[in-house]
Amino acid sequence: MVESSFDDKTECLTISIDGRFDYSCHKLFKEAFVSVNKAVAYEIDLSRVTYLDSSALGMLLLLRDHAGGEKANVHLKKPNGAVLDILKIANFHRLFEIEE
Amino acid sequence: MEQILNILIADDNPSDRILLKAILSQFGHNVISAVDGQDAVEKFDPDTIQLVCLDVKMPRKDGWEAALEIQRAAGDLFVPIIFLSGVADPIALSNCLRIGGTDFISKPYSPALITAKLNAIVRLLVMQKTLEEQRDAMSLYNEQLVHDQNVAKVVYENITHSNCLKDPALSTVHYGTHTFNGDVILAAYKPNGGMHLLLGDFTGHGLSAAIGALPLADIFFDWTKKGFLMRQIIPEINARLKSILPANMFCSAAFIDIKVNNKSIDIWNGGLPDLLFFSQQSKVPVRFESKNLPLGILPPDVFECQIDPVTFVPGNRLVVFSDGVYEAQDKSGAMFCHSVLNPLYEGEIADDQALDWMVEQLTQEGVLENPHDDISCLSIRLDSNIGIESHDHGVPTSHHEAPADFSFEYVLNADSLRNTDPLPYVLQIITTVPGLSSFSSQVFMILSELYSNALEHGVLGLKSDKKSSSDGFSQYYDEREQRLAALKDGFVKISVKVTSSDNERVLALYVEDSGSGFDYQNVNFDMSSSELLYNRGLALLDQLCHKLEFCKGGRGVTAYYHWQVGQDD
């Protein structure tokens, strides 16, 4: 399950994923950020993600690219222990702001 | 929708039977009549009959029994069965559907209802036929695909497996979820002894994941053979993967450099679960966590290489596995890293059993029956003879080698010392000498010993006795990094001279540094008497070379290497 909302005031796009974040979310996740052109900041709500695999890491990289690569402003919010573990093994804290 | 069907009807009541046959024949269908269930079963031929109508109550064999036998005889073929019934009992009628009947027709017969039901059956049969055709086309297509993949797989394996995984020091486990898989294990002997190893895990599975392994393997083998170092190969692989892979694909990997000269390994971990190092010094294995981003994410200008050095004694072991093991779920749904793997992390599993033990756990927890991810494990029994005794370049020696005479000099100043490694280039020139390429591993070993002595002890002024403890060993390399980064003055001069006379060839390698020299009179060249970790370099050189000559107070050294041509080995 992927849901997204865009806040016109803060120009922030929030994408929330529920359950397993894996290849099955690919289409919805990509649509969620490709459809919004005005976003200057991105928040990915991981609080309800139970598991995340390497294709999910790939999707986050796609988003980062879309959002400007090095200059991208992408926050990953509230990953649970297992998800945080996977993000850290991949050293993604060097690419994204992770808020525990 | 007009279709002529072969219909088998069974009814013990002659008038009902004749009436139904008349109605069906009127629409042009071919009708075969049976007088009871047993007769129907005998007359049923799955290859010709497309529809069966059975009365429920019949002598010898009733409609339900006959229906079950006919379904068995039909096997995979779909033959609809319609029950004919005088009873309006809903339970009896629903029983007809429950045992696999398609529909029922109540007596007395209404021609209009029978027409409508027949049309529905024809639609069903047409749909069924379309499905079967699609299924057959699909399985043919799939067969072709599997065939193509198998051909491609042979090519793929020739490229990724052209390595030394059969070395007795290594054991590996590999389970793929597809014909192709996104995990690779590569191993290659280095020209100066020792080995490079890489365990990689590409995003995703199957062909799309495997495709990135080709350039990876190409660079790994080619650059290792040419004598490049781990910290040069890794950025090259990263840059290549970054340029060819789509943004959402990358390769989590561990790169291990086994150095036999000073009995140490260098570990680079980018995105794999902790590597486990087992030694006698500690009950629990030392964990080497991922300190780097996986390969293929960062552009070359911001890529960093965080490497952990560690010394080993023969018999120590390193265990590496992909996240297919780490993230596998046990039967209760917990991830392996938080449940099943705990005894391994706590040192309760004997290191030489680690791989077998992991396979046992994966089997017991049902992961291997239904793997969600590719699974790879690698276990290395560390030793100082890796890549030396088992080494066979297989280069045939020519008996008619042209003599060679040349020399060149290569001077590296502080900037170059900081940023480049001259050895692969020097080696490449030297191995163009006819006949010398067969001895490239020994030449490379001599060259790298001379160069590292000149750089570390000469230019950087490091004292090798620091290396006598394992703590000191990493300190030594930390300090080497720091001093090298801060280096402003200094040089290393390498000069190479090859001469020929009759059958005798001589390579003279002269290396000079800007340091303060050392007391070369008192060097102990006897390897067997020296238990020390650090004095072995010169002793090794002394064994490999014909002659070792010092000059300029130890700042300069010449190694003479002789080889013969025109003789059998």
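Residues numbered from 1 in each chain as written. Chains lettered and ligands numbered in written order. Predicted model: local features only at pLDDT ≥ 70, side-chain atom pairs only at ≥ 80, totals over all residues. Heavy atoms only, no water.

An unreviewed UniProt entry lists chain B under the name Response regulator receiver modulated protein serine/threonine phosphatase, from Marinomonas posidonica.

Chain A has the name Sulfate transporter/antisigma-factor antagonist STAS in an unreviewed UniProt entry, where Marinomonas posidonica is given as its organism.

**Brief notes about the sheet that holds strand β7 (residues 183-189) of chain B**
Residue and element names in this part refer to chain B. The sheet built from five strands is open, its strands ordered β7-β8-β9-β10-β13 with antiparallel pairing. Of all the strands in the sheet, the pair left with one neighbour each is β7 and β13 (307-311). Mean inter-strand twist for the sheet, computed between neighbouring axes without regard to direction, equals 15°. Relative to strand β8 (residues 195-202), β7 runs antiparallel, the two being bridged by seven bridges. Bridged to D183 within β8 is D201. On top of the sheet, helix α7 (residues 213-225) reaches β7, β8 and β9 (251-259); it is set at about 10° to β7, its chief contact. Docked against the sheet, helix α8 (residues 230-244) engages β8, β9, β10 (264-270) and β13, running at close to 160° with respect to β9. (Pairing = 2+ DSSP bridges. Helix = DSSP H or I, 4+ residues; strand = E, 2+ residues; numbered from the N terminus. Axes fitted to C-alpha atoms, helices over the stretch in contact; angles between N-to-C directions. Contact = heavy atoms within 4.5 Å.)

**Comments concerning the UniProt feature "modified residue: 4-aspartylphosphate" (unreviewed entry) in chain B**
Residues and elements named next belong to chain B. Within the UniProt annotation, "modified residue: 4-aspartylphosphate" (unreviewed entry) is assigned to D55. As for its position among the elements, D55 is in strand β3 (residues 51-55). Overall, D55 belongs to the buried group, its relative accessible area being 6%. Those residues in contact with D55, other than ones at most four positions away along the chain, are A10, D11, D12, G63, L84, S85 and K107. (UniProt positions renumbered as here; feature names shortened; annotations may be inferred. Buried < 20%, exposed > 50% of the residue type's maximum accessible area, 1.4 Å probe, protein only.)

**Focus: the nonpolar core**
Counting residues in each nonpolar core, the largest one holds 96 residues, and the members touching the most others are F21 and F92 of chain A together with F321 of chain B. It is helix α2 (residues 54-66) of chain A that contributes the most residues to this core, seven residues altogether. Leaving out residues up to four positions away in the same chain, F92 of chain A has contacts with L57, L60, L61, L87 and I98 of chain A together with F250, L293 and I297 of chain B. In this structure, V433, I446, L455 and F550 of chain B belong to the second largest nonpolar core, which totals 44 residues. (Core = buried A, V, L, I, M, F, W, Y, C linked by side-chain atoms within 4.5 Å.)

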